[in-house]
Amino acid sequence: MSKLRQLKDFKPSLPKSKIEDIIKDPEAWAEEYAQSVLETEGFRILEAKKFGKKFAESLIEGEDGI
């Protein structure tokens with residue numbers, strides 16, 4: 001369970017932007033934000049995916065736990 005706790009501690013910070021810039025071009029802001037999250041949290045996202053896959057496989061196989 002400690003691995004799950006570690007992976008769920010996911011709190012990406014918002015890019016520092018003025019609201020006017022966001023309103024002016026929300027798509028560009030969202031793209032910048034997504035890129036920032038992938039750069040800073042990419043490893044955590046990949047680890048969470050692997051953890052979820054392993055957990056799902058254990059459920060399919062009828063195992064008790066990971």
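Look above for the structure.
Note that the structure is a prediction, hence the values are computed from the model and not measured.

Enquirer: Can you walk me through the overall build of the chain in this structure?
Expert: From N to C terminus, the chain includes 3 helices and 0 strands. Listed N to C, the secondary structure of the chain is α-α-α in terms of helices and strands. Taking 11 Å as the expected radius of gyration for a compact globule of 66 residues, we find that the chain reaches 17 Å, considerably beyond that expectation. A buried classification covers 9% of the 66 residues belonging to the chain.

Enquirer: What's the story with the pattern of salt bridges in this structure? I'm lost.
Expert: Between side chains of opposite charge, a pair can form when the charged atoms approach closely. Enumeration over the complete set of coordinates arrives at 2 salt bridges. The salt bridge partner of Arg44 is Glu41, with a shortest N-O separation of 2.9 Å. Placement of the pair is Arg44 and Glu41 together in helix H3 (residues 26–61), with a separation of 3 residues, close to one helical turn. What makes Arg44 partly exposed here is its relative accessible area of 23%. Among the residues examined, Glu41 registers a relative accessible area of 15% and is labelled buried. The salt bridge involving Glu47 is made with Lys50; its shortest N-O contact spans 3.9 Å. In this pair, Glu47 and Lys50 both sit in helix H3, 3 residues apart, roughly one turn of the helix. On the basis of relative accessibility, which here comes to 47%, the residue Lys50 falls in the partly exposed class.

Enquirer: Whenever I open this one, the packing of aromatic side chains confuses me. Can you help?
Expert: By convention here, two paired aromatic rings are described through the distance between centres and the angle between planes. If you walk through the whole model with that rule in mind, you get 1 aromatic pair. Between Trp29 and Tyr33 the ring centres are 5.6 Å apart and the planes differ by 5°, which places this aromatic pair in the stacked class. Pair noted here: Trp29 and Tyr33 are both in helix H3, with a separation of 4 residues, about one helical turn.

Conventions used here
Residues numbered from 1 in each chain as written. Predicted model: local features only at pLDDT ≥ 70, side-chain atom pairs only at ≥ 80, totals over all residues. Heavy atoms only, no water. Helix = DSSP H or I, 4+ residues; strand = E, 2+ residues; numbered from the N terminus. Rg over C-alpha atoms; globule rule 2.2 N^0.38 Å. Buried < 20%, exposed > 50% of the residue type's maximum accessible area, 1.4 Å probe, protein only. Salt bridge = Lys/Arg side-chain N within 4 Å of Asp/Glu carboxyl O. Phe/Tyr/Trp six-rings, centres within 6.5 Å; stacked < 30°, edge-to-face > 60°.

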